[in-house]
Amino acid sequence: MLSHAATAIRRITGSPLVRNAVFLGTAYSVSEVSQQAFIGDGYDLGKVQRFGIWGMCFNGPFLFSWYKVLDGYLHGSSLKVVGTKMCLDQFLITPICIVGFYTAMSAMEGKSDILAEAKQKSFPTFLASLAFWVPAQAINFKLVPPTMRVVYIGTVSFMWANILCHLKRQEHIPMETDKDVHSIEAENPAL
């Protein structure tokens, strides 16, 4: 009986999907812990758990499947293939992941309007994502062999998760257009 359980555990953890989901869940949890340690206001294990759930149950399986499909359709590391993968990754999948992140986190936090934070923070987060992920994905698709892609992405995701943890904690993410809108409103109170 015990040998059957051990075999089952080996099969489950031997699954690339499970391995990647656990890795991303851990990366997101540890990122939130590192942010809380940096801030120094104590630890909120509920937040750590929510980030872990996001990484393990949503982001990990979704990205695992996405890269499998992407690599299945686009082979090689030519400039055209790398550029196509980066564009699809950044402009098709990234917005889905960002909106999904803020919506899922708001739902897990029990907020009454689970879309409010996504509406407010998705575009600034997308801009940050472009600045971070375009160079990271260029390296990924050009230099990293497919067998090491998830480890590379997991490591880079740890860095990105720290950025997300920081952005998530912000009440408002200021943008240059905010200044313009406020100055226009001040000059034209009828608006």
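Residues numbered from 1 in each chain as written. Predicted model: local features only at pLDDT ≥ 70, side-chain atom pairs only at ≥ 80, totals over all residues. Heavy atoms only, no water.

### A closer look at the overall build of the protein
Part 1: Counting its regular elements, the protein contains 7 helices and 0 strands.
Part 2: Start at the N end of the protein and walk to the C end: the helices and strands fall as α-α-α-α-α-α-α.
Part 3: When burial is assessed residue by residue, the protein has 36% of its 191 residues classed as buried.
Part 4: Surface exposure of the protein reaches about 11,200 Å², of which carbon and sulfur atoms provide 70%. (Helix = DSSP H or I, 4+ residues; strand = E, 2+ residues; numbered from the N terminus. Buried < 20%, exposed > 50% of the residue type's maximum accessible area, 1.4 Å probe, protein only. Areas by Shrake-Rupley, 256 points an atom, 1.4 Å probe, with all protein chains shown as cover.)

### With respect to the packing of helix α2 (residues 16-39) against helix α3 (residues 45-73)
Part 1: Running from N to C, α2 and α3 cross one another at 145°; their axes reach a closest spacing of 7 Å. As α2 packs across α3, the resulting crossing turns out to be right-handed. Contacts between α2 and α3 involve P16, L17, N20, A21, V22, L24, G25, Y28, S29, E32, V33 and Q36 from the former and K47, V48, F51, G52, W54, G55, M56, N59, G60, P61, L63 and F64 from the latter.
Part 2: Of the residues assigned to the contact of α2 with α3, the class counts are 14 nonpolar, 8 polar and 2 charged. (Axes fitted to C-alpha atoms, helices over the stretch in contact; angles between N-to-C directions. Left-handed = near helix turned anticlockwise from the far one by under 90°. Contact = heavy atoms within 4.5 Å. Nonpolar A, V, L, I, M, F, W, Y, C, P; charged D, E, K, R; others polar.)

### Remarks on the packing of aromatic side chains
Part 1: If you walk through the whole model with that rule in mind, you get 8 aromatic pairs.
Part 2: Seen in terms of ring centroids, F51 and F101 are 5.8 Å apart; in terms of plane orientation they differ by 45°. Their pairing is tilted. Here F51, found in helix α3, pairs with F101, found in helix α4 (residues 79-108); they are 50 residues apart in sequence, far enough to count as distant. No difference in accessibility class separates F51 from F101, as the two residues are buried.
Part 3: Where W133 meets W160, the ring centres are 6.4 Å apart and the plane angle is 65°; that geometry is what we call edge-to-face. (Phe/Tyr/Trp six-rings, centres within 6.5 Å; stacked < 30°, edge-to-face > 60°.)

### Structural notes on α3
Note on helix geometry: an α-helix contains 3.6 residues per turn, so any two residues three or four positions apart are oriented the same way.
Part 1: Taking 1.5 Å of rise per residue, 29 residues should cover 42 Å, and α3 covers 40 Å from first to last C-alpha, within 8% of that figure.
Part 2: The largest bend along α3 reaches roughly 40° and is located at N59, with the proline P61 sitting one to four residues downstream.
Part 3: Along α3, the residues that are buried comprise V48, R50, F51, G52, W54, G55, N59, G60, L63, W66, Y67 and L70.
Part 4: Tucked into the core, α3 has its buried residues touching α2, α4, α5 (116-143) and α6 (149-169).
Part 5: A side-chain oxygen of the first residue of α3 lies 3.0 Å from the backbone nitrogen of G46; this N-cap is D44. (Expected span 1.5 Å × (residues − 1). Bend = angle between axes of the 7 residues up to and from the residue. Polar contact = N/O pair within 3.5 Å; in protein donor to acceptor, adjacent residues only side chain to side chain.)

### Comments concerning the layout of surface pockets
Part 1: For the largest pocket, the calculated volume is near 260 Å³.
Part 2: Lining the largest pocket, in full, are P16, R19, N20, F64, Y67, K68, D71, P146, T147, R149, V150 and V151.
Part 3: For the lining of the largest pocket, the secondary structure elements donating two or more residues are α2, α3 and α6.
Part 4: The element that contributes the greatest number of residues to the lining of the largest pocket is α3, accounting for 4 residues.
Part 5: For the lining of the largest pocket, the residue count by class is 6 nonpolar, 2 polar and 4 charged. (1 Å grid on protein atoms, 1.4 Å probe; cavity = no way out; pocket = protein on both sides within 12 Å on 5 of 7 lines; lining within 4 Å. Points joined across faces, edges and corners; volume = space filled by probe spheres on them.)

### As for the environment of R19
Part 1: Inspection of the secondary structure assignment puts R19 in helix α2.
Part 2: With relative accessibility at 45%, the residue R19 sits in the partly exposed group.
Part 3: Taking the C-alpha atoms as reference points, R19 and P61, 42 residues apart in sequence, are found 9.7 Å from one another.

### Examining the side chain of N140
Part 1: For N140, the position within the fold is in helix α5.
Part 2: For N140, a relative accessible area of 0% corresponds to the buried category.
Part 3: If we skip the residues at most four places from it in the chain, N140 touches R149, Y152 and I153.

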